[in-house]
Amino acid sequence: MIGYYVHHQGSGHLHRARSIAARCPLTVTGLSSLPAPDDWPGPWVRLPRDDDGDPGAFGDVTAGGRLHWAPTRHAGLRGRMARIARWIEETSPRLVVSDVSVEVALLARVLGTPTAVVAMRGDRTDPPHRMAYDLAELLLAPWPATLAEPGWPRHWRAKTVHTGAFSRFDGRPPAPAEERPHGAPPRRVLLLMGTGGTDISAAEVAAASAASPGWRWVTLGGPDGRWSADPWPSLCAADVVVTHAGQNALAECAAARRPAVVVPQERPFGEQAATGRALTRGRLAVVTPRWPKAKDWTALLEQAHANGGERWSRWAPGDGAARAARALADAARDDGRAP
């Protein structure tokens, strides 16, 4: 039995967990404030929220900088941690995966359960991240080893499995395209911004669209954008995808092998900025550090289109979820005793 904690913010953590659980040879129990997805293959433990109520009453949520989120005297936090502890006591899991919560990883390890942590890019040398990464038996890095995160200590690298990026669309055949001469105007831009928050305004998107008349913009997510439970047809139909540097959005773009303009968003620990630097090193996409001026968009779209999307195979080889599932199963089966 493996427990898999799924953070409730955004959709990337859940998509990643679903991909791994579907391929894992061991039973995987989901632990999350989110409802169980219809296709989850094992049990699911619904947890209370730990971020509701009056923020002014949360107290020191970082415990003096040693944790990331532990509001004081919060019934939801108390309830969720007690529920996880009770589940560990009742089921004796072989491994708990944190995707991602320092506090859940610490709780599981204090209860004597080995942990795996889904790693994140950016500066993770703060005390809470160092503790979670140090205590983990395994670090899962959903990016290629050829574009590893620089500056990691040796003992982190020694227990890291680089799976490459993966998404729910890996192995899915391209969606049929509507009849249109290749490259005939207007070419399509898909703005894929997801549900995890955005720094871009609707006015900026409108200005970019107006300033690139040879391109027709479609928006999924982001400011005033519609959302689709299955963006795969829209991804496959796009001549260029414009997206942020979140792991899930990039993995889906990579699965479709679409040319991309990537605009990293402001995130804690510089996560997306670090991902943007990795993409630039690999020459996988056109990366711009902030939302460009309207007049610059045509040139950026043309550059991305000319670069194409085949280099995405370096980022997302197509078997990342299977690699992750094997690594977790191997860690769960390890009894921890020296040979």
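Residues numbered from 1 in each chain as written. Predicted model: local features only at pLDDT ≥ 70, side-chain atom pairs only at ≥ 80, totals over all residues. Heavy atoms only, no water.

### A closer look at the nonpolar core
What counts here: In this text, buried Ala, Val, Leu, Ile, Met, Phe, Trp, Tyr and Cys residues form a nonpolar core when linked through side-chain atoms within 4.5 Å. Here the term buried applies to any residue with accessible area under 20% of the maximum for its type, exposed to any over 50%, and partly exposed to those in between, with areas from a 1.4 Å probe on protein chains only. Helix and strand definitions follow DSSP, with helices as H or I runs of at least four residues and strands as E runs of at least two, each counted in order from the N terminus.
One finds Y133, W232, L235, W312 and W315 to be the most contacted residues of the largest nonpolar core, which totals 42 residues. It is helix α8 (residues 247–255) that provides the largest number of residues to this core, a total of six residues.

### A closer look at the sheet that holds strand β8 (residues 187–194)
This is how it is decided: Two strands are said to pair when DSSP picks up at least two bridges between them.
Spatially, the five strands line up as an open sheet ordered β9-β8-β10-β11-β12, and their pairing is parallel. If you trace the sheet from one side to the other, it starts and ends with β9 (215–221) and β12 (286–287), each paired once. By the bridge criterion, three bridges tie strand β10 (residues 240–243) to strand β11 (residues 260–262) in an arrangement that is parallel. From the neighbouring strand, T243 faces β11, where its bridge partner is V262.

### Observations regarding the side chain of D126
Here is the rule: Positive: Lys, Arg. Negative: Asp, Glu. His and the chain ends are not part of the count. One side-chain nitrogen of Lys or Arg within 4 Å of one carboxyl oxygen of Asp or Glu is enough to make a salt bridge. In protein, a polar contact means a hydrogen-donor-capable atom and an acceptor-capable atom, both N or O and within 3.5 Å, with residues adjacent in sequence counting only if both atoms are side-chain atoms; elsewhere, any N or O pair within 3.5 Å suffices. Residues are treated as being in contact if the distance between any of their heavy atoms lies within 4.5 Å.
Tracing the sequence through the fold places D126 in the loop between β5 (115–118) and α4 (127–135). Put simply, D126 is tucked away with no salt bridge, and the nearest opposite charge, on R124, sits 6.1 Å away. Within the local environment of D126, its side chain forms a polar contact with the side chain of H68, the two groups lying 2.9 Å apart. Within the local environment of D126, its side chain forms a polar contact with the side chain of H129, the two groups lying 2.8 Å apart. Leaving out residues up to four positions away in the same chain, D126 has contacts with H68 and F269.

### Section: α8
The buried fraction of α8 is high, at nine of nine residues. Every buried residue of α8 is accounted for by Q247, N248, A249, L250, A251, E252, C253, A254 and A255. R257 sits one or two positions beyond α8 and adopts a positive phi of about 55°.

### Describing the pairing of β8
By the criterion of burial, β8 is predominantly enclosed, with seven of the eight residues buried. Taken together, the seven bridges between β8 and β9 define a ladder with parallel strand orientation. Of the residues in β9, the one forming a bridge with R188 is R216. Pairing between β8 and β10: four bridges, direction parallel. Following the sheet pairing, L191 is matched in β10 by V242.

### Looking at helix α9 (residues 271–282)
What counts here: Here a helix's expected span is defined as the number of its residues, less one, multiplied by 1.5 Å.
Helix length check: α9, at twelve residues, gives a terminal C-alpha distance of 17 Å against a target of 16 Å (1.5 Å per residue), a fit within 8%. Every buried residue of α9 is accounted for by E271, Q272, A274, T275, G276, A278, L279 and G282. At the C-terminal side of α9, R283 shows a positive phi close to 55°.

### Considering the packing of helix α3 (residues 102–110) against α4
When two helices pack together, their arrangement is captured by the angle between the axes and the distance separating the axes. Filter applied, for reference: Note on definitions: angles span 0 to 180 degrees between N-to-C directions of axes, and those axes are lines fitted to C-alpha atoms, for helices only across the stretch in contact. Any angle that falls under 35 degrees is termed roughly parallel, while one over 145 is termed roughly antiparallel, one within 65 to 115 roughly perpendicular, and all others oblique. Crossings are sorted by hand: turned counterclockwise from the far helix by less than a right angle, the near helix makes the crossing left-handed, and turned clockwise it makes it right-handed. Nonpolar residues are Ala, Val, Leu, Ile, Met, Phe, Trp, Tyr, Cys and Pro. Charged residues are Asp, Glu, Lys and Arg, and all others, Gly as well, are polar.
For the pair α3 and α4, the least separation of the axes is 9 Å and the interaxial angle reads 40°. If you check the angle between α3 and α4, you find them oblique. Every pair of crossing elements has a handedness; the one defined by α3 and α4 is left-handed. Here V102, L106 and R109 of α3 come into contact with α4, specifically with P128, H129, M131, A132 and L135. When its residues are assigned to classes, the contact of α3 with α4 shows six nonpolar, one polar and one charged.

### Comments concerning unusual backbone geometry
In this chain, D99 is followed by V100 through a cis amide linkage whose omega measures -15°. One non-glycine residue, S92, adopts positive backbone phi at about 50°. Mapped onto the secondary structure, S92 falls in the loop between α2 (75–91) and β4 (95–99). A relative accessible area of 55% means that S92 is categorised as exposed. Here F269, not a glycine, exhibits a phi torsion of approximately 65°, which is positive. Within the element layout of this structure, F269 appears in the loop between β11 and α9. Looking at F269, the relative accessible area reads 34%, which means it is partly exposed.

### Quick look at the packing of aromatic side chains
For any two aromatic rings, the description comes down to two numbers: the centre-to-centre distance and the angle of the planes. Here is the rule we go by: A pair of aromatic rings is counted whenever rings of Phe, Tyr or Trp (Trp by its six-membered ring) have centres within 6.5 Å, and the orientation is called stacked for planes under 30 degrees apart, edge-to-face for over 60 and tilted otherwise. Distance and angle both matter: a charge sits over a ring if NZ of Lys or CZ of Arg is within 6 Å of the ring centre and within 35 degrees of the ring normal.
Summed over all chains, the structure comprises nine aromatic pairs. Measuring from ring centre to ring centre gives 6.1 Å for W143 and W152, while their planes differ by 75°; the resulting arrangement is edge-to-face. According to the relative accessible area criterion, W152 is buried, its value standing at 8%. With a centroid separation of 5.2 Å and an interplanar angle of 85°, the aromatic rings of W217 and W297 are classed as edge-to-face. Of this pair, W217 sits in strand β9 while W297 sits in helix α10 (residues 297–307), and the two are 80 residues apart along the sequence. With a relative accessible area of 0%, W297 lands in the buried category. A cation sits over an aromatic face here: R121 above W143, 4.4 Å from the ring centre.

### Focus on the pattern of salt bridges
Enumeration according to the criterion identifies eleven salt bridges in this entry. Residue D50 is joined to R80 by a salt bridge in which the shortest nitrogen-to-oxygen separation is 3.6 Å. Of this pair, D50 sits in the loop between β3 (44–46) and α2 while R80 is found in helix α2, placing the two residues 30 residues apart along the sequence. Here the two residues D50 and R80 agree in accessibility, since each one is buried. Linking R121 and E149 is a salt bridge whose minimum nitrogen-to-oxygen distance equals 2.7 Å. Placement of R121 in the loop between β5 and α4 and of E149 in the loop between β6 (138–141) and α5 (154–158) is noted, with a sequence separation of 28 residues between them. Neither R121 nor E149 differs from the other in exposure class; each is buried.

Read these as geometric descriptors, not functional statements.
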